[in-house]
Amino acid sequence: MSSAETRNATSNGQQLAAFGALLLMAITSTQGWRRRLKRRWQQLHRGIYVAAALAVIHLLWLRKDNTLDSAIYLSVLALLIVERTVFFWQQRQRREVGS
């Protein structure tokens, strides 16, 4: 198997994983699923960060020239992850102070 074939197979598997994660989140986005899954719903929907990372990696693998738009998508993803990390950390600090 050549390097290009290996990369293509890896890219296809990664693409399928991202699609599966997004599909699962789309199916479980209704109020009925939120009630059934309770706290697990939020944990499941945090998987959007994994799916977004897989999508950006797929874009980087797909492009040979790694143009500016790839860097923009990667920067936006990094910014969102940093923002959410800070938000969760602040919530945790508030809960510890309130306890």
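It should be noted that the structure appears before, not after, this text.
Since the structure is predicted, the reported quantities are computational estimates derived from the model, not experimental observations.

A. Expanded view of the packing of aromatic side chains. Going through the model one piece at a time under the given rule, you end up with one aromatic pair. Across from the ring centre of Trp33, 4.6 Å away, lies the NZ or CZ of Arg36, which sits over that ring. Seen from the ring of Phe88, Arg84 lies directly overhead, with NZ or CZ sitting 5.0 Å from the centre.

B. Main features of unusual backbone geometry. The backbone phi angle of Lys38 is positive, close to 50°, even though this residue is not glycine. Here Lys38 shows up in the loop between helix H2 (31-37) and helix H3 (39-45). When its relative accessible area of 65% is taken as the criterion, Lys38 is described as exposed.

C. Spatial organisation of a positive patch on the surface. Together, Arg39, Arg46, Arg92 and Arg95 give the surface a local cluster of positive charge. In this structure, Arg95 sits in helix H5 (residues 68-98). Assessed through its relative accessible area of 55%, Arg95 is described here as exposed.

D. Local environment of the side chain of His45. Inspection of the secondary structure puts His45 in helix H3. Setting aside residues no more than four positions away along its own chain, His45 makes contact with Met25, Thr28 and Ser29.

About the cut-offs
- Residue positions are given per chain, counting from 1 as you read along its sequence in written order.
- At least 70 in pLDDT is required for a residue's local features to be given in this predicted model, at least 80 for side-chain atom pairs to be given and counted, and no such filter applies to totals for whole chains, interfaces and linings, which use all residues.
- Heavy atoms throughout the structure, all of them, feed into the side-chain values; hydrogens and water do not.
- Under the pairing criterion, centres of Phe, Tyr and Trp rings, with the six-membered ring standing for Trp, must be within 6.5 Å; the plane angle then separates stacked pairs below 30 degrees from edge-to-face pairs above 60, leaving the rest tilted.
- Two limits define a charge over a ring: the Lys NZ or Arg CZ must be within 6 Å of the ring centre, and within 35 degrees of the ring normal.
- Put simply, DSSP H or I for four residues or longer makes a helix, DSSP E for two residues or longer makes a strand, and each gets a number counted from the N terminus.
- Note on exposure labels: buried denotes an accessible area under 20% of the residue type's maximum, exposed denotes more than 50%, and partly exposed covers the range between, all computed with a 1.4 Å probe on protein chains only.
- Only residues whose relative accessible area exceeds 30% and that form no salt bridge enter a patch; like-charged residues are grouped when within 9 Å of one another, and nonpolar side chains (Val, Leu, Ile, Met, Phe, Trp, Tyr) when within 5 Å.
- Under the convention used here, a 1.4 Å probe and the Shrake-Rupley method define accessible areas, while residue burial counts only the protein chains that appear.
- By definition here, a salt bridge exists when the distance from a side-chain nitrogen of Lys or Arg to a carboxyl oxygen of Asp or Glu is within 4 Å.
- His is not counted, nor are the chain ends; Lys and Arg add positive charge and Asp and Glu add negative charge.
- By convention, the point assigned to a charge is CZ for Arg, NZ for Lys, CD for Glu and CG for Asp.
- Should any heavy atoms of two residues lie within 4.5 Å, those residues are considered in contact.

Any functional reading would require information that these geometric values do not contain.
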